[in-house]
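Overview (structure and organization)
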Amino acid sequence: MVDRFLKGKTALVTGSTQGIGLAIAKALGEAGCRVAVHGLGDADTVNLAVAAVQDAGAAEARHFDADFLDPVAIEAMMGEVSNWGAVDILINNAGIQKTAPLADAGPETWNAILAVNLTAAFHTMRLALPAMRARGYGRVVNIASVHGLVASRDKAPYVASKHGLVGLSKTAAMEYADAGDRGSGGVTVNCICPGWTQTDLIEPQVQARTQQLGGGRDAGVADLLREKQPSLRMSDPSEIGVLAVWLCHRHAHNMTGTAIPIDGGWTAQ
Ligand code: NAD
């Protein structure tokens, strides 16, 4: 039997103009959701992302704008999205990364990474969760990272933001665990914790390692993987999309407060 549970549900995927967010938006589109695409980018990038989500099968797709450095813009965007459709599924995926030793990171980098990776998710969740409770169904999937579970050097703001996101998600999971029932699907809050995944976000680190080794890009990638990810394979963004959609189905009503690694064994070590 074809499962039509997600058909027509409204999903907001933050940071879905590219990378993992776009892959999740496409996967939700394929499941028949109406998808609110969000993220930075020029008109071509935005139009291509919306078209890709539409082509995947979305009931509807539309771009919503907000710079997540600005909480006022986040609140305004949440109002616009909920006028378009009550948010059933919230994927907090927007994120930034910059590597530097803690003492060199500087307040500007700290503030920007915490704002986009953590504070923005607090705002979208506080604005979306009460209505999810009222409807008896809601899914929050926060794209954390292996760095929500373990640390790496030179990533203090990023690691702090992702550990914070895991903690925020657990608290929300507890507060909303009793909402709805098996039939309605309940309200759940989970994190997905990817390891190395092939997107633009990691390119500066790939380039830095490649230069350090003096070889080609493949040698740089192989060296990064050897250091942390035992599978020695990157994840493809679409693989994160599959898990996100799985978490949104009714069958996952009792799966809440988790932080699930997709990391080739990184955090098993
Ligand atoms: P990406 O750089 O390809 O995409 C990031 C998205 O966030 C883009 O759509 C961008 O427009 C949006 N964004 C960035 N700054 C923003 C701002 N100020 N306001 C609004 N939107 C903003 O990155 P990605 O690799 O697809 O990362 C997606 C998520 O996955 C991030 O939270 C990242 O931390 C996490 N993650 C990525 C990896 C990886 O290896 N790629 C690993 C673990 C976790």
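Here, every reference points to the structure presented above.
This is a predicted model, so every value here is computed, not measured. (Residues numbered from 1 in each chain as written. Predicted model: local features only at pLDDT ≥ 70, side-chain atom pairs only at ≥ 80, totals over all residues. Heavy atoms only, no water.)

**Focus on the overall build of the chain**
To keep things clear, this is the line we draw: Helix numbers and strand numbers start at the N terminus; a helix is a DSSP run of H or I with at least 4 residues, a strand a run of E with at least 2. Two things to know: the radius of gyration comes from C-alpha atoms, and the globule rule equals 2.2 Å times the number of residues to the power 0.38. Exposure classes here rest on a 1.4 Å probe applied to the protein chains alone. A residue is buried below 20% of its type maximum, exposed above 50%, and partly exposed in between. Between two residues, a contact is recorded if the distance between any of their heavy atoms is within 4.5 Å. Method for areas: the Shrake-Rupley scheme with a 1.4 Å probe, in which residue coverage is limited to the protein chains shown. In this tally, Lys and Arg are treated as positive and Asp and Glu as negative; His is ignored, and so are the chain termini. Charge positions come from single atoms, namely NZ of Lys, CZ of Arg, CG of Asp or CD of Glu.
Each helix and strand in the chain was counted, giving eight helices and seven strands. Here the chain has a C-alpha radius of gyration of 18 Å; the compact-globule value for 269 residues is 18 Å, and the two agree. If one aligns the C-alpha atoms of the chain with their principal axes, the spans along those axes are about 55 × 40 × 40 Å. Burial status across the chain gives 51% buried among its 269 residues. By sequence separation, contacts in the chain at least 24 residues apart represent 74% of the contacts at least 6 residues apart. When the accessible surface of the chain is totalled, it reaches about 12000 Å², and 54% of it is carbon and sulfur. Measuring between centres, the 22 positive side-chain charges of the chain sit 7 Å from its 26 negative side-chain charges.

**Overview of helix H6 (residues 203-213)**
Threshold: It is the directions from the helix axis to the C-beta atoms that the arc portrays.
Listing the buried residues of H6 in full gives Gln205, Val206, Arg209 and Thr210. Down the axis of H6, the buried set is contained in an arc of 135°. They therefore lie on one face. Pointing more than 90 degrees away from the buried face of H6 are the exposed residues Pro204, Gln211 and Gln212. Directly after H6, the chain includes Gly214, whose backbone phi takes a positive value near 75°.

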